[in-house]
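Listed below are the residues making up each chain.
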Amino acid sequence: MELRKYMKYKAISKPVFLQGYRYAFLYISREGPHFSVYKKDDGDWTHYFTITLMLV
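Worth saying up front: this structure is predicted, and the values here are computed from it rather than measured.

Caption draft 1: Layout of a nonpolar patch on the surface. Judged by side-chain polarity, Tyr 27, Phe 35, Tyr 48, Phe 49, Ile 51 and Leu 53 come together as a nonpolar surface patch covering roughly 510 Å² of accessible area. By secondary structure assignment, the location of Phe 35 is in strand S4 (residues 33-41).

Written out as structure tokens, the structure reads:
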């Protein structure tokens, strides 16, 4: 049930961790490519920001 929210995505990459597992970067593809950044706060991962890439 919890994984259903990811069904709308075409591709999700494995996370890339930086600064001692404090930040995680993911490539996500829906209608267009996105890079999402998550930050670990008190043991929980929270969405920090997303960058949408425009392909020309």
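Caption draft 2: Just the side chain of His 34, in detail. Relative to the elements of secondary structure, His 34 occurs in strand S4. Classification of His 34 as buried rests on a relative accessible area of 10%. Separated by 3.0 Å, the side chains of His 34 and Thr 52 make a polar contact. Excluding residues that lie within four positions of it along the chain, His 34 makes contacts with Leu 26, Tyr 27, Ile 28, Thr 50, Ile 51 and Thr 52.

What counts as what
Each chain has its residues counted from 1, running along the sequence as written. A pLDDT threshold of at least 70 governs which residues receive local features in this predicted model, and a stricter bar of 80 or more applies before side-chain atom pairs are shown or counted, although totals over entire chains, interfaces and linings include all residues. To get the side-chain values, take all heavy atoms of the structure and skip hydrogens and water. Note that patches include only residues with greater than 30% relative accessible area and no salt bridge, and the join distances are 9 Å for like charges and 5 Å for nonpolar side chains (Val, Leu, Ile, Met, Phe, Trp, Tyr). Each accessible area is a Shrake-Rupley estimate made with a 1.4 Å probe; only the visible protein chains count as cover when residues are assessed. A carboxyl oxygen of Asp or Glu within 4 Å of a side-chain nitrogen of Lys or Arg is what we treat as a salt bridge. Secondary structure elements are taken from DSSP: a helix is a run of H or I of four residues or more, a strand is a run of E of two residues or more, and numbering for both begins at the N terminus. Only protein chains enter the calculation, and the probe is 1.4 Å; a residue is then buried if its accessible area is under 20% of its type maximum, exposed if over 50%, and partly exposed in between. In protein, a polar contact requires one atom able to donate a hydrogen and another able to accept it; more generally it is a pair of N or O atoms within 3.5 Å, and residues adjacent in sequence count only if both atoms are side-chain atoms. Every residue pair with non-hydrogen atoms within 4.5 Å of one another is taken to be in contact.

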